[in-house]
Amino acid sequence: MASMEEDGSVEEKDNNNKKRTKSAIAVAWLTFYNIAMTAGWLVLAMAMMRFYLQKATHKGLYKSIARILKFFQTVALVEVGHCAIGIVRTSVIVTGVQVCSRIFMVWFITNSIKQIQNEESVILFLVVWTLTEITRYSFYTFNLLNHLPYFIKWARYNMFIIMYPLGVAGELLTIYAALPFVRKTGMLSMRLPNKYNISFDYYYFLIIVMLSYIPLFPQLFFHMLRQRRKVLLGEIIVEKDE
Ligand SMILES: CCCCCCCCCCCCC/C=C/C(=O)SCCNC(=O)CCNC(=O)[C@H](O)C(C)(C)COP(=O)(O)OP(=O)(O)OC[C@H]1O[C@@H](n2cnc3c(N)ncnc32)[C@H](O)[C@@H]1OP(=O)(O)O
């Protein structure tokens with residue numbers, strides 16, 4: 001059996017293997033994608049700052065950045081595809097829950113219910129998402145280019161400890177604020193009798209969505225804690241079938 005000196009460290013070997021298995025086309029695409037997404041979220045950050053500096057209020061901020069937000073958050077659906085075709089080593093389910101919950105917040109809550117767009121909780125999740133995504137996409141970009149500054153790596157695997165709970169709080173408070181409007185208007189609901197003989201109440205659906213954060217959020221959070229231990233503390237997570 002070869003010694004550790006001959007082989008280099010296990011971590012180094014693991015990194016080299018990972019790099020070899022990613023094709024040049026995949027690396028080129030991911031680099032382009034991550035640069036574009038970093039730029040997109042930076043533009044969003046600047047638009048929010050400019051709005052606040054000019055108006056000195058958060059009222060109207062969502063409306064002013066809605067198009068950029070909807071575009072870049074919706075494009076993130078391709079990340080589920082990245083996992084599905086295996087060009088990034090992340091679970092389709094973990095990424096799917098993360099991306100779909102964001103898209104749901106944008107399209108089916110904030111965009112559809114104008115009365116809640118000026119809630120402070122909307123600003124809370126917008127600021128949290130923006131800071132998180134600028135860090136996350138720049139981390140992937142610099143990592144792919146093999147020039148990763150330590151502070152970006154540190155931020156990627158520490159910020160979520162604060163940002164995840166804050167983001168979730170912003171999202172849950174926003175859904176909660178939407179409930180009275182959904183109940184009053186009956187939006188996106190189907191009442192009986194109708195020709196399809198189907199009943200759907202968006203109000204109760206939103207309550208179920210809120211409750212689903214209880215089992216789903218810890219899974220995302222603990223996934224990130226495991227990633228943190230692996231990347232920052234160099235802990236080797238051995239998969240059972242290896
Ligand atoms: C119908 C409606 C349903 C609604 C249901 C509601 C339930 C919702 C419950 C929970 C909701 C949560 C809401 C969240 C809100 C927020 O976001 S709040 C803000 C804080 N958020 C975060 O900090 C986000 C953290 N999450 C993530 O980073 C990801 O989304 C993740 C999928 C959870 C984790 O990412 P993952 O990819 O697993 O970890 P990494 O360590 O970053 O990467 C692993 C490997 O994959 C490579 N990689 C991944 N993506 C890319 C890429 N784009 N480009 C290049 N490489 C990529 C990465 O480099 C790693 O590679 P290896 O080094 O080879 O391992």
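Residues numbered from 1 in each chain as written. Predicted model: local features only at pLDDT ≥ 70, side-chain atom pairs only at ≥ 80, totals over all residues. Heavy atoms only, no water.

Under an unreviewed UniProt entry, the name given to the protein is Very-long-chain (3R)-3-hydroxyacyl-CoA dehydratase, and the source organism is Oncorhynchus tshawytscha. Among the UniProt annotations of the protein, the heading Pathway (unreviewed entry) holds the following wording: "Lipid metabolism; fatty acid biosynthesis." (UniProt positions renumbered as here; feature names shortened; annotations may be inferred.)

Engineer: Tell me about the packing of helix H6 (residues 92-110) against helix H7 (residues 120-144), and name the residues and values.
Structural biologist: Two quantities define a packed helix pair, namely the angle between the axes and the distance from one axis to the other. Two elements in contact, H6 and H7, have axes whose closest approach is 13 Å; the angle formed by their N-to-C orientations is 150°. Considering their axes alone, H6 and H7 lie roughly antiparallel with respect to each other. Note on packing geometry: the crossing formed by H6 with H7 is left-handed. Mapping the contact onto sequence places Arg102, Met105, Val106 and Thr110 in H6 and Val122, Phe125, Trp129 and Glu133 in H7. (Axes fitted to C-alpha atoms, helices over the stretch in contact; angles between N-to-C directions. Helix = DSSP H or I, 4+ residues; strand = E, 2+ residues; numbered from the N terminus. Parallel < 35°, antiparallel > 145°, perpendicular 65-115°, else oblique. Left-handed = near helix turned anticlockwise from the far one by under 90°. Contact = heavy atoms within 4.5 Å.)

Engineer: Go over the state of the cysteines with me, naming the residues and quoting the values.
Structural biologist: A full pass over the atoms with the stated rule returns zero disulfides. Free cysteine: Cys83, not disulfide-bonded; nearest cysteine sulfur from Cys100 at 11 Å. You can call Cys100 partly exposed: its relative accessible area is 41%. (Disulfide = S-S within 2.5 Å. Buried < 20%, exposed > 50% of the residue type's maximum accessible area, 1.4 Å probe, protein only.)

Engineer: Let's hear about the UniProt feature "transmembrane region" (unreviewed entry) in the protein: which residues, and what values?
Structural biologist: In the numbering used here, UniProt assigns the feature "transmembrane region" (unreviewed entry) to residues 24-47, 93-110, 122-139, 159-182 and 202-222. End C-alpha atoms of residues 122-139 are separated by 26 Å, and the span's content is 100% helix alongside 0% strand. As annotated, residues 159-182 has a helix share of 100% and a strand share of 0%, and its two end C-alpha atoms lie 34 Å apart.

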